[in-house]
Amino acid sequence: MTITGIVAVDRNLAIGKGGGLPWHYPADLKFFKEQTTGNACVMGYRTWLTLKRPLPGRLNVVLTSRAEVEPRESVVWLRDKQSALSLGVYLKCDLFVIGGAQIFEAFREEIDRWLVTEVPLAVEGADTFMPQDFLRGFGPRDTRDLGDGLKVTFYEREG
Ligand SMILES: NC(=O)c1ccc[n+]([C@@H]2O[C@H](COP(=O)([O-])OP(=O)(O)OC[C@H]3O[C@@H](n4cnc5c(N)ncnc54)[C@H](OP(=O)(O)O)[C@@H]3O)[C@@H](O)[C@H]2O)c1
């Protein structure tokens, strides 16, 4: 099982503002869908709240400490990182870590590859960021132009 981090960052590594995504780029959403469909997506509770419904065609794994959760089709609620990793071992698909910042941080050591979309903006008032060194130990392998000034880089762990 490969564990992939997938994230879109602005010029200052911002990823969120006011609990949501600070931009709307259909080309990036399409790329996200293409990459993650058929796989499991691990997310934090706050990122779950930004979705209108579970991501279709994917196992939605939501991490939360709360005891009361709403049963939803194709959603698994887990309380800790280790449970998500254990689940992953039994899945015949890949695990995508889709955010937000807390979840990226929690899975930092386990992520094998990163798909990073660079968004050509410097968002004013952003409140959620990737750490400056989140790609330390990773090297670029490939890039893809998504249009609208968006560039994706595929990074793999070195060594
Ligand atoms: N640009 C992008 O690619 C991208 C991707 C995803 C999200 N985002 C943005 O990022 C922001 C949200 O990020 P965030 O860091 O604030 O929140 P988050 O990581 O989405 O969710 C945080 C919540 O997840 C739960 N959690 C975190 N770590 C956990 C652990 N180890 N075990 C169990 N539960 C855990 C906790 O929920 P409880 O409090 O319920 O216990 C915590 O409050 C939003 O603005 C969103 O739009 C951007």
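Note: the structure precedes this text.
A short tour of the structure in this document, coming up. Bear in mind the structure is a predicted one, so any value in this text is a computation, not a measurement. (Residues numbered from 1 in each chain as written. Predicted model: local features only at pLDDT ≥ 70, side-chain atom pairs only at ≥ 80, totals over all residues. Heavy atoms only, no water.)

**Brief notes about the site of the ligand**
Item 1. The full set close to the ligand counts 27 residues, and A8, T47, T64, S65 and R66 are the nearest of them.
Item 2. Taking L63, its main chain carries an N or O atom lying 3.5 Å from an oxygen atom of the ligand.
Item 3. When isolated, the ligand has an accessible area of 930 Å², and the protein chains bury 85% of it.
Item 4. For the shell around the ligand, the leading source of residues is helix α2 (residues 45–50), giving four residues.
Item 5. Taken together, the residues of the shell around the ligand sort by class into 10 nonpolar, 12 polar and five charged. (Near = heavy atom within 4 Å. Polar contact = N/O pair within 3.5 Å; in protein donor to acceptor, adjacent residues only side chain to side chain. Areas by Shrake-Rupley, 256 points an atom, 1.4 Å probe, with all protein chains shown as cover. Helix = DSSP H or I, 4+ residues; strand = E, 2+ residues; numbered from the N terminus. Nonpolar A, V, L, I, M, F, W, Y, C, P; charged D, E, K, R; others polar.)

**Some details on the environment of V7**
Item 1. Position of V7 among the secondary structure elements: in strand β1 (residues 3–9).
Item 2. Accessibility expressed as a relative area gives 7% for V7, which makes it buried.
Item 3. Those residues in contact with V7 that sit more than four places away from it in its chain are I15, F104, W114, L115, V116, T117, M130 and F134. (Buried < 20%, exposed > 50% of the residue type's maximum accessible area, 1.4 Å probe, protein only. Contact = heavy atoms within 4.5 Å.)

**Some details on the state of the cysteines**
Item 1. Considering all chains together, one arrives at zero disulfides under this definition.
Item 2. No disulfide involves C41; its sulfur sits 8.9 Å from the nearest other cysteine sulfur, which is in C93. (Disulfide = S-S within 2.5 Å.)

**A short note on the sheet that holds strand β3 (residues 40–44)**
Item 1. Pairing in this open sheet of eight strands is mixed, and the strands run β5-β4-β3-β6-β1-β7-β10-β9 from one edge to the other. Two strands bound the open sheet, and with one partner strand each, they are β5 (75–78) and β9 (138–147). Strand after strand, the sheet turns through a mean of 25° between neighbouring axes, direction not considered.
Item 2. Two strands pair when backbone bridges link them, and strand β7 (residues 113–118) and strand β10 (residues 150–157) are joined in this way by six bridges, in the antiparallel orientation. Pairing of W114 across the sheet is with Y155, part of β10.
Item 3. Set on the sheet, helix α1 (residues 26–36) makes contact with β1, β3, β6 (95–97), β7, β9 and β10; between it and β9 the angle comes to about 125°.
Item 4. Sheet contacts for helix α3 (residues 81–90): β1, β3, β4 (59–63), β5 and β6; angle to β4, the most-contacted strand, approximately 160°. (Pairing = 2+ DSSP bridges. Axes fitted to C-alpha atoms, helices over the stretch in contact; angles between N-to-C directions.)

**What to know about a nonpolar patch on the surface**
Item 1. There is a patch of nonpolar side chains on the surface, built from M1, V89 and Y90 and spanning about 390 Å² of accessible area.
Item 2. Counting through the fold element by element, M1 comes out in the segment before β1. (Patch = residues over 30% accessible without salt bridge, like charges linked within 9 Å, V, L, I, M, F, W, Y side chains within 5 Å. Salt bridge = Lys/Arg side-chain N within 4 Å of Asp/Glu carboxyl O.)

**Quick look at the pairing of β3**
Item 1. Of all the five residues making up β3, five are buried; the element is thus mostly covered by neighbouring parts of the structure.
Item 2. On β3, burial covers both faces: A40, V42 and G44 on one face and C41 and M43 on the other are all buried.
Item 3. Bridge analysis of β3 against β4 gives five bridges, and the strand direction is parallel. Bridge pairing in β4 links C41 to N60.

**Considerations on the packing of aromatic side chains**
Think of a pair of aromatic rings as described by two things: how far the centres are apart, and how the planes are tilted against each other in angle.
Item 1. With the rule as written, the count across this model stands at five aromatic pairs.
Item 2. With a centroid separation of 6.1 Å and 90° between ring planes, the pair formed by F31 and F154 is classed as edge-to-face. In this pair, F31 sits in helix α1 while F154 sits in strand β10, placing the two residues 123 residues apart along the sequence. An identical accessibility class is assigned to F31 and F154; each is buried.
Item 3. A centroid spacing of 6.3 Å and a plane angle of 45° characterise the contact between Y45 and W77, whose relative ring orientation is tilted. On the criterion of sequence distance, the pair formed by Y45 in helix α2 and W77 in strand β5 is long-range, its members being 32 residues apart.
Item 4. Given the relative accessible area of 19%, W77 is considered buried.
Item 5. Taken together, the aromatic side chains of Y45, W48 and W77 make up a single cluster linked through ring pairs.
Item 6. Over the ring of Y45 we find R66; its NZ or CZ atom is 3.9 Å from the centre of that ring. (Phe/Tyr/Trp six-rings, centres within 6.5 Å; stacked < 30°, edge-to-face > 60°. Lys NZ or Arg CZ within 6 Å of the ring centre and 35° of its normal.)

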